[in-house]
Amino acid sequence: MTDPSEAPKRRPQQRKQVLLRLDPSVYEALARWAGDELRSANAQIEFLLRKALAEAGRLPKETGPLPRRGRPPVSEP
């Protein structure tokens, strides 16, 4: 029997990079929307894709939460 503490540790998955071609007017609308919600265009695209996948019942269960963006919270001494 093997000790579970000796099991190889899983490396965190790297985020995938994809090239996305959009109509310029679609991108501008997306960028404005993202700005209104204090997100980058990239974060807005991921947010919308996750929402669409969840609504369609296709978001994988092992999908982690959206990464936190921006400045880390201030820790109290």
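Residues numbered from 1 in each chain as written. Predicted model: local features only at pLDDT ≥ 70, side-chain atom pairs only at ≥ 80, totals over all residues. Heavy atoms only, no water.

Under an unreviewed UniProt entry, the name given to the chain is Arc-like DNA binding domain-containing protein, and the organism recorded is Streptomyces filipinensis.

A. Quick peek at the overall build of the chain. Counting its regular elements, the chain contains two helices and zero strands. Residues counted as buried form 9% of the 77 residues belonging to the chain. Accessible surface computed for the chain: about 7900 Å², of which carbon and sulfur atoms make up 56%. (Helix = DSSP H or I, 4+ residues; strand = E, 2+ residues; numbered from the N terminus. Buried < 20%, exposed > 50% of the residue type's maximum accessible area, 1.4 Å probe, protein only. Areas by Shrake-Rupley, 256 points an atom, 1.4 Å probe, with all protein chains shown as cover.)

B. Representation of helix H1 (residues 24-36) in the model. Between its terminal C-alpha atoms H1 stretches 18 Å, which fits the 18 Å expected from 13 residues at 1.5 Å a residue. Where H1 terminates, the next one or two residues include Leu38, which has phi positive at roughly 55 degrees. (Expected span 1.5 Å × (residues − 1).)

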